[in-house]
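Residue-level structure breakdown
Given next are the chains, with one letter for each unit.
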Protein chains: 2
Amino acid sequence: MWDGMAAGSNKQRRRRKPKRAKITASLEDDNETAAGDQDDNGGGGSERQREHPFIVTEPGEVARGKKNGLDYLFHLYELCREFLIQVQNIAKERGEKCPTKVTNQVFRYAKEAGASYINKPKMRHYVHCYALHCLDEEASTALRRAFKERGENVGAWRQTCYEPLVAIAARQGWDIDAIFNAHPRLAIWYVPTKLRQLCHAERSSAAAASSSITGGGDHLHF
Amino acid sequence: MWDGMAAGSNKQRRRRKPKRAKITASLEDDNETAAGDQDDNGGGGSERQREHPFIVTEPGEVARGKKNGLDYLFHLYELCREFLIQVQNIAKERGEKCPTKVTNQVFRYAKEAGASYINKPKMRHYVHCYALHCLDEEASTALRRAFKERGENVGAWRQTCYEPLVAIAARQGWDIDAIFNAHPRLAIWYVPTKLRQLCHAERSSAAAASSSITGGGDHLHF
DNA sequence: ATCACGGGCGACCAGCGGACGGTGAGCCA
DNA sequence: TGGCTCACCGTCCGCTGGTCGCCCGTGAT
């Protein structure tokens, strides 16, 4: 029910050139890659090319094997906030436009500062998961435990995070932007398109249901 | 002093193709072009192609000849606000991202709604003049009267509007963005780059002057 | 009628917010 | 060790915000 909605309705196909670059080489800093990361990275002189994939963990749990846990994911959002604050301070000092959100500029700054493990597609991908963590930590924790127990993968957990957020929006007049903006750590993140669409769709069907139940005087009122 | 600063410091030249299109034809609506406009538009069957240029007028004064007055200019800003509100209402209804500023989308909407006399370069050009009108109507009126009396052209008046705004910023901690955002009719307009630069330059030189006057303990403090 | 002035706004550009899906890391058998 | 699952993030795209200066309307002569 929370999957596939408003996902395939976009304009056209893209992606026409594979164009593999494959530069490799240029060994990175390599040391101290992740929060509480205890893996030895193999032991050869290889450089990390991607971050380890996330797995569903409960709060406080360290991910085993070549994986990262969700505490680390949420920690990345806090890091981005700190980079944003630095970018804001620099902008104010220079009398330039001061960003209020995590923009491309902030991702660029983070990369230049050596935080190469932060990138835009990843952060945008999990924004709503972080939102749930901010807005209802109890519910977030419960969901993490449930999905860990069932052995679900990260994609399944991520999809399911939409549901409680829409329920929160329902309780607060469906204004998901206002909900984000009211929370100091969340206000700096753009509301994900899909979350906004889900809220809108749910509001519409909720309104339709209630007007068909009340049975008149409310529907077709324009 | 208020002219030429930070104006020629940009990256490179542009404009490589004249490429005149010159479509002409396609007669427009033509009737009722401007607020209080009493001109007959020539009498032939010609269509208006540009708005009449602005001249410096005092409040309440109707521009003579083929000119528009400043009351009309400021009226355009109010119109844009109304178009923004309509765009916001449509966006909320559809569950789409809701603009808080006058964006390209709003200018496009205004044009589609028949307000072809509204366009982005014009509105952006005079934003700081409208800002002065909003923030200190007395000072704005005084400036208009002075420049009208002296027979100055619009460009000269426009340039001079920066000065009292920088003075206002000086009194309020130099935060021009905060000043714009605190005013409900101004908050929907982007702060012009040049105004921001002027505030920054003036703050810097004011700080330098005060630290050299106090004569020690305050300057070179980093 | 002609001319010089000056400013309106068409059209441009760097970079933005947003999205997709091919590599290739990773785990299990 | 081979295979196959799945998600990380390089790379794209439609636009945005911001700007410049050409063209021509305009009033004086």
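Residues numbered from 1 in each chain as written. Chains lettered and ligands numbered in written order. Predicted model: local features only at pLDDT ≥ 70, side-chain atom pairs only at ≥ 80, totals over all residues. Heavy atoms only, no water.

Concerning the overall build of chain A
We apply this condition: Every helix listed is a DSSP run of H or I at least four residues long, and every strand listed is a run of E at least two residues long, numbered separately from the N terminus. When a residue's accessible area, from a 1.4 Å probe over protein chains only, is under 20% of the maximum for its type it is buried; when over 50% it is exposed; and in between it is partly exposed. The contact rule is simple, with two residues in contact once any of their heavy atoms fall within 4.5 Å. Using the Shrake-Rupley algorithm and a 1.4 Å probe, accessible areas are obtained, with residue cover drawn only from the displayed protein chains.
Along its length, chain A carries 9 helices and 0 strands. Walking chain A from its N terminus toward its C terminus, one meets helices and strands in the order α-α-α-α-α-α-α-α-α. For chain A, buried positions account for 35% of its 222 residues. Put simply, 59% of the contacts in chain A that link residues at least 6 apart link residues at least 24 apart. With an accessible surface of roughly 13900 Å², chain A has 50% of that area assigned to carbon and sulfur atoms.

Overview of the packing of helix 1 (residues 70-94) of chain A against helix 4 (residues 127-135) of chain A
Residues and elements named next belong to chain A. Rules: Interaxial angles span 0 to 180 degrees and are taken between N-to-C directions of axes, which are lines fitted to C-alpha atoms, for helices over the stretch in contact. Angle categories are assigned with fixed cut-offs, so that under 35 degrees is roughly parallel, over 145 is roughly antiparallel, 65 to 115 is roughly perpendicular, and the rest are oblique. Side-chain classes follow a simple rule in which Ala, Val, Leu, Ile, Met, Phe, Trp, Tyr, Cys and Pro form the nonpolar group, Asp, Glu, Lys and Arg form the charged group, and the remainder, Gly included, forms the polar group.
Their axes nearest at 10 Å, the elements helix 1 and helix 4 cross at an angle of 90°. Between helix 1 and helix 4, the interaxial angle falls into the category roughly perpendicular. The segment helix 1 lies against helix 4, with Phe 74, Tyr 77 and Glu 78 engaging Val 127, Cys 129, Tyr 130 and His 133. Looking at the contact of helix 1 with helix 4 residue by residue, the classes come out as 5 nonpolar, 1 polar and 1 charged.

A few points about helix 1 of chain A
Worth spelling out the cut-off: Take the number of residues in a helix, subtract one, and multiply by 1.5 Å to get its expected span.
Its 25 residues place the ends of helix 1 of chain A 37 Å apart at the C-alpha level, agreeing with the 36 Å of an ideal helix rising 1.5 Å per residue. Trailing helix 1 of chain A by a residue or two, Gly95(A) shows a phi angle of about 70°, which is positive.

As for the relation of the copies chain A and chain B
Applied cut-off: Our superposition of the copies is a least-squares fit, built on the C-alpha atoms of residues whose pLDDT is at least 70 in both.
Between the two copies, chain A and chain B, the superposition gives an RMSD of 0.0 Å; the rotation angle is 180° and the shift along the axis is 0.1 Å. Such a combination of rotation and displacement between the chain copies is what one expects of a two-fold axis. It is Thr100(A) whose C-alpha, among those of chain A, lies nearest the rotation axis, at 6.5 Å. With an isologous cut-off of 70% or more, the 100% of interface residues of chain A that recur at the interface of chain B puts this contact in the isologous class.

So, the state of the cysteines
Note the threshold: In plain terms, two cysteine sulfur atoms within 2.5 Å form what is called a disulfide here.
Using the criterion set out here, one finds 0 disulfides over all chains in the structure. There is no disulfide at Cys161(A), and the cysteine sulfur nearest it, in Cys129(A), is 3.9 Å away.

Concerning the interface of chain A and chain B
Put simply, the test is: Buried area adds together the accessible area that both of two parts lose upon being put together, with accessible area traced by a 1.4 Å probe. For this analysis, a salt bridge means a side-chain nitrogen from Lys or Arg found within 4 Å of a carboxyl oxygen belonging to Asp or Glu. Think of a polar contact as two N or O atoms within 3.5 Å of one another; within protein, one of them needs to be a possible hydrogen donor and the other a possible acceptor, and neighboring residues in sequence only count if both atoms come from side chains.
Each side of the interface is counted separately: chain A has 9 residues, and chain B has 9 residues. When the two sides are added together, the surface that chain A and chain B hide from each other amounts to roughly 760 Å², 44% of it contributed by carbon and sulfur. The largest contributions to the chain A side of the interface with chain B come from Lys97(A), Arg196(A) and His200(A), which together make up 50% of the buried area. At the boundary of chain A and chain B, one finds 0 salt bridges. Along the contact surface separating chain A from chain B lie 5 residue pairs in polar contact (both at pLDDT 80 or more). Broken down by secondary-structure element, the contributors of at least two residues to the side of chain A that touches chain B are helix 1 and helix 9 (193-214) of chain A. Residue composition of the side of chain A that touches chain B, grouped by class: no nonpolar, 2 polar and 7 charged.

A short note on helix 2 (residues 104-112) of chain A
All names here are of chain A. Just so we agree on the cut-off: As used here, the arc is the angular range of directions from the helix axis to the C-beta atoms.
Taken residue by residue, helix 2 has Val 106, Phe 107 and Ala 110 as its buried positions. Along the long axis of helix 2, the arc covered by the buried residues comes to 100°, so they all point the same way. Along its buried surface, helix 2 packs onto helix 1 and helix 3 (120-125).

Details of the packing of helix 1 of chain A against helix 2 of chain A
Residue and element names in this part refer to chain A. Closest axis-to-axis distance for the helix 1/helix 2 pair is 9 Å, and the angle between their directions is 105°. If you check the angle between helix 1 and helix 2, you find them roughly perpendicular. Along its contact with helix 1, which presents Cys 80, Phe 83, Leu 84, Gln 86, Val 87 and Ile 90, the element helix 2 presents Gln 105, Val 106, Phe 107, Tyr 109 and Ala 110. A breakdown of the residues in the contact of helix 1 with helix 2 according to their chemical character gives 9 nonpolar, 2 polar and no charged.

Considerations on the packing of aromatic side chains
Convention followed: Pairing of aromatic rings covers Phe, Tyr and the six-membered ring of Trp, with a centre-to-centre limit of 6.5 Å; geometry is then stacked below 30 degrees between planes, edge-to-face above 60, and tilted otherwise.
Counted under the stated rule, the structure contains 13 aromatic pairs over all chains. The interplanar angle of 40° and the centroid separation of 6.2 Å between the aromatic rings of Phe54(A) and Tyr72(A) together place this pair among those described as tilted. Taken together, the residues Phe54(A) in the segment before helix 1 and Tyr72(A) in helix 1 connect sequence positions 18 residues apart. By the burial criterion, Phe54(A) is buried, and Tyr72(A) matches it. Aromatic side chains Phe74(B) and Tyr130(B) sit 6.1 Å apart centroid to centroid with 45° between the ring planes, which places their arrangement in the tilted category.

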